[in-house]
Amino acid sequence: MTRNQEVDGYTEEVKGKIKNLGADLTGVADTEPLKQLKLDPPDLLNSFQRALSIALRLPKAVFEQIGDRPTPLYASVYQSANRMLDEIAFHTANLLNRDGFNSLPIPASQVLDRENWYGGITHKAVGRMAGLGWQGKSLLLVNPDYGPRIRLATILTDAPLNPDGPIENRCGDCTKCKDACPAGAIKGVTTKDHYRSRDEALYFSRCAEKLDGEFKGLSNVGAPICGICIKVCPYGR
Ligand code: B12
Ligand code: SF4
Ligand code: SF4
């Protein structure tokens, strides 16, 4: 067997195992271009040349119940998805470590900088580079089949895996997320690949204030969530 065939085989084996653990989607990103991102710690990617992106699909029916605010059911699904993703990422990192590859799971929803709202690495950029979707006008990662109704996590690794590549943006003339946003936060600007900064797509503080200042305080919600720009997206509906 050639080295290329071995890498192809191992990549498929790992992806198969991740699906068996319960993930709906998975792909591999080359971490080199991701080193331009704001990372915490800044050298986070130095010893990892690949990042596995994993996604769980959220039940469509949960979003259909959302009107002008998040529901307690959505809050519960949000917590469950985070827990499941963290477990899948943890198991995957263990599997890779057992095969001799240094690997690090990045949690689904850990905020490290509460003032500026940053995680250790943005899962959306990893997911986009791993071919799971494009960055929509809502700034969310939109998968062609499931739309933005997916949650994400990442496993960094030095395992020899074949990288996937980004897919084309398919938002077109749609402005449904911009029209529906209760905070008037989405600017409606499109991008061919990805936004240079969050502010290019979003009046960021309007969204953050709505979620952290208002929705989080709703009875039986308790998390900075919303779901409206997810619900209205025509992809995967
Ligand atoms: C902090 C945080 C928030 C903050 C800030 C949001 C934000 N946009 O940054 C607040 C509380 C406001 C928030 C709100 C929401 N969030 Co939030 N949040 C996060 C968290 C924990 C960190 C995000 C972060 O660090 N962003 C940094 C900025 C700069 O990155 P970015 O938004 O991804 O945009 C840049 C990159 O993606 C880049 N990019 C894309 N491709 C590439 C490729 C290359 C090579 C490079 C260099 C860059 C690049 O372009 C953008 C501009 O620089 C992530 C989990 C995680 N670790 O990723 C979840 C996460 C982004 N949130 C998520 C969701 C769903 C939401 C909400 C819908 C709330 C809800 N659950 O109902 C809203 C949506 C707001 C919106 N329209 O963006 C999901 C998104 C899923 C998806 N399908 O995209 C995530 C990934 C959680 C998860 N595990 O799934 N969130
Ligand atoms: S999460 Fe809600 S407030 Fe934030 S951009 Fe989406 S629709 Fe607007
Ligand atoms: S609602 Fe329309 S514009 Fe917004 S992300 Fe989805 S397809 Fe793109």
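Since we're looking at a predicted model, the values are computed, not measured. (Residues numbered from 1 in each chain as written. Chains lettered and ligands numbered in written order. Predicted model: local features only at pLDDT ≥ 70, side-chain atom pairs only at ≥ 80, totals over all residues. Heavy atoms only, no water.)

## What about the site of ligand 2?
If you check the shell around ligand 2, you find Cys181, Pro182, Ala183, Ile186, Cys207, Leu211, Cys226, Ile228 and Cys229 and nothing else. Within the shell around ligand 2, the residues separate by chemical class into nine nonpolar, no polar and no charged. (Near = heavy atom within 4 Å. Nonpolar A, V, L, I, M, F, W, Y, C, P; charged D, E, K, R; others polar.)

## Some words on the site of ligand 1
Around ligand 1 sit 38 residues in total, of which Tyr74, Thr122, Ser138, Leu141 and Arg198 are the nearest. In this structure, Gly119 approaches ligand 1 through a main-chain N or O atom, which is 2.9 Å from an oxygen atom. Counting only elements with at least two residues in the shell around ligand 1, the list comes to α4 (123-129), β6 (150-157) and α7 (204-214). In terms of residues, the shell around ligand 1 owes the most to one element, α4, which gives five residues. (Polar contact = N/O pair within 3.5 Å; in protein donor to acceptor, adjacent residues only side chain to side chain. Helix = DSSP H or I, 4+ residues; strand = E, 2+ residues; numbered from the N terminus.)

## Quick notes on the side chain of Thr92
Within the secondary structure layout, Thr92 lies in helix α3 (residues 72-98). Each residue touching Thr92, except ones within four places of it in the same chain, is listed here: Ile18, Leu21, Leu52 and Ile155. (Contact = heavy atoms within 4.5 Å.)

## Examining the nonpolar core
Leu52 and Ile54 are the most contacted members of the largest nonpolar core, which totals 35 residues. Where this core is concerned, the elements lending two or more residues are α1 (3-20), β2 (50-57), α2 (60-64), α3, β6 and α8 (228-231). It is α3 that contributes the most residues to this core, ten residues altogether. Apart from the residues within four sequence positions on either side, Leu52 is in contact with Val14, Ile18, Thr26, Gly27, Val28, Thr92, Leu96, Ala153, Thr154, Ile155 and Leu161. Core analysis: the second largest hydrophobic core is formed by 21 residues, Leu25, Ala55, Leu132 and Tyr146 among them. (Core = buried A, V, L, I, M, F, W, Y, C linked by side-chain atoms within 4.5 Å. Buried < 20%, exposed > 50% of the residue type's maximum accessible area, 1.4 Å probe, protein only.)

## A closer look at the sheet that holds β2
Hydrogen bonds between backbone atoms are what pair the strands of a sheet, whose relative direction is either parallel or antiparallel. Strand order across the open sheet formed by four strands is β1-β2-β6-β3, with antiparallel pairing between neighbours. With one partner strand each, in any of the chains shown, β1 (25-30) and β3 (103-106) form the two edges of the open sheet. With strand direction ignored, the average angle separating the axes of adjacent strands in the sheet is 25 degrees. Bridge count between β1 and β2: six bridges; the pairing is antiparallel. When the sheet's bridge partners are listed, Thr26 is paired in β2 with Ile54. (Pairing = 2+ DSSP bridges. Axes fitted to C-alpha atoms, helices over the stretch in contact; angles between N-to-C directions.)

## Regarding α1
The end-to-end C-alpha distance of α1 is 26 Å, a good match for the 26 Å that 18 residues give at a rise of 1.5 Å each. Those residues of α1 hidden inside the fold are in contact with β1, β2 and α3. The first or second residue beyond α1 is Gly22, which carries a positive phi of 120 degrees. (Expected span 1.5 Å × (residues − 1).)

## As for the pattern of salt bridges
Applying the stated criterion across every chain yields a total of nine salt bridges. Two residues, Asp30 and Arg50, come together in a salt bridge whose shortest N-O distance is 3.5 Å. You can see Asp30 sitting in strand β1 and its partner Arg50 sitting in strand β2, a full 20 residues away along the chain. A salt bridge links Asp193 to Arg196; its shortest N-O distance comes to 2.5 Å. Under the relative-accessibility criterion, Asp193 is labelled partly exposed at 34%. The exposure class of Arg196 is exposed, given its relative accessible area of 58%. (Salt bridge = Lys/Arg side-chain N within 4 Å of Asp/Glu carboxyl O.)

## Some thoughts on the pairing of β6
Within β6, eight of the eight residues are buried, which leaves it mostly tucked inside the rest of the structure. Of the two faces of β6, the one carrying Ile150, Leu152, Thr154 and Leu156 and the one carrying Arg151, Ala153, Ile155 and Thr157 are both buried. Across eight bridges, the pairing between β2 and β6 is antiparallel. Bridge pairing links Arg57 to Ile150 in β6.

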